[in-house]
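Coordinate analysis (summary)
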Amino acid sequence: KPVIMSRATFEASVKMLPIKKIVKSGKIYIKDDIMLVNDVNKGFHIYNYSEATNPVKIAFLEIPGATDVAIRNSTIYINQAVDLVTLKYDLTTNKVSVLYRNRNIFPQKISPQGFGPTAKENEIIIDWIPN
């Protein structure tokens with residue numbers, strides 16, 4: 001069964017939250033003093049990685065539908081389901097701001113069984129759950 005958000009709710013869903021437990025870990029990305037660990041289709045756990053032997057959890061970046069990340073200089077690029085979202089993150093204030101959103105760069109998520117999208121116009125599939 002697809003988990004669907006309206007386009008408006010989807011675009012307003014990027015936010016910083018307190019630390020939480022990882023449910024389903026995905027990609028890990030390390031850049032300078034920051035480590036990001038993907039919680040598949042939920043967002044990214046942010047760690048202070050200034051001491052590699054002792055990473056410290058800082059926060060959770062909620063960004064529904066996200067599975068991949070890249071960082072160039074201090075700009076973070078995340079695939080949020082069908083969109084490519086460009087963010088700035090400030091480690092000292094623990095704040096994130098959306099700089100730009102490239103809409104519909106990626107196709108809708110397909111089900112684990114390979115079924116195609118069932119979303120209507122202005123609806124985004126952010127995940128699939130078993131029936």
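Above this text is the structure in question.
So, a few notes on the structure that sits alongside this text. (Residues numbered from 1 in each chain as written. Predicted model: local features only at pLDDT ≥ 70, side-chain atom pairs only at ≥ 80, totals over all residues. Heavy atoms only, no water.)

1. As for the overall build of the chain
Counting its secondary structure elements, the chain contains one helix and 11 strands. Taken from N to C terminus, the helices and strands of the chain fall in the order β-α-β-β-β-β-β-β-β-β-β-β. In terms of overall dimensions, the chain is globule-like: its C-alpha atoms have a radius of gyration of 15 Å, near the 14 Å expected for 131 residues. When the backbone C-alpha atoms are referred to their principal axes, the chain occupies close to 45 × 30 × 20 Å. Sorting the 131 residues of the chain into buried and exposed places 35% on the buried side. Carbon and sulfur atoms make up 54% of the accessible area of the chain, which amounts to about 7600 Å² in all. (Helix = DSSP H or I, 4+ residues; strand = E, 2+ residues; numbered from the N terminus. Rg over C-alpha atoms; globule rule 2.2 N^0.38 Å. Buried < 20%, exposed > 50% of the residue type's maximum accessible area, 1.4 Å probe, protein only. Areas by Shrake-Rupley, 256 points an atom, 1.4 Å probe, with all protein chains shown as cover.)

2. Thoughts on the nonpolar core
Judged by nonpolar contacts, the single largest core of 15 residues is most densely connected at Leu 36, Phe 44, Leu 61, Ile 63, Ile 76, Ile 78 and Leu 87. For this core, the secondary-structure elements that each account for two or more residues are strand E4 (34–39), strand E5 (43–48), strand E7 (66–72), strand E8 (75–80) and strand E9 (83–90). Sequence-distant contacts of Leu 36, that is, excluding residues within four places in its chain, are made with Lys 27, Ile 28, Tyr 29, Phe 44, His 45, Ile 46, Val 69, Ile 71 and Ile 76. Within the second largest apolar cluster, six residues are counted, among which are Phe 10, Ala 81, Val 82 and Ile 124. (Core = buried A, V, L, I, M, F, W, Y, C linked by side-chain atoms within 4.5 Å. Contact = heavy atoms within 4.5 Å.)

3. What about the pairing of strand E10 (residues 95–102)?
By the bridge criterion, seven bridges tie E9 to E10 in an arrangement that is antiparallel. Bridge assignment links Tyr 89 to a residue of E10, and that residue is Val 96. Where E9 folds back on E10, the antiparallel hairpin that results is connected by four residues, among which Asn 94 adopts a positive phi of roughly 60°. (Pairing = 2+ DSSP bridges.)

4. Section: unusual backbone geometry
Look at Asp 32: it is not a glycine, yet its phi comes out positive at around 55°. With respect to the helices and strands, the residue Asp 32 is situated in the loop between strand E3 (25–31) and E4. The exposed category is assigned to Asp 32, whose relative accessible area is 61%. With phi around 60°, Asn 94 is a residue other than glycine that occupies positive phi space. Tracing the sequence through the fold places Asn 94 in the loop between E9 and E10. Residue classification places Asn 94 among the partly exposed residues on the basis of a relative accessible area of 24%.

5. Quick word on the pattern of salt bridges
Close approach of charged atoms allows side chains of opposite charge to pair. Enumeration over the complete set of coordinates arrives at eight salt bridges. Among the salt bridges present, the one from Arg 7 reaches Glu 11, with a minimum N-O distance of 3.1 Å. Separated by four residues within a single helix, Arg 7 and Glu 11 lie in helix H1 (residues 7–11), roughly one turn from each other. Residue class for Arg 7 comes out buried when judged on its relative accessible area of 12%. Given a relative accessible area of 25%, Glu 11 falls into the partly exposed group. The salt bridge involving Asp 32 is made with Lys 31; its shortest N-O contact spans 3.3 Å. (Salt bridge = Lys/Arg side-chain N within 4 Å of Asp/Glu carboxyl O.)

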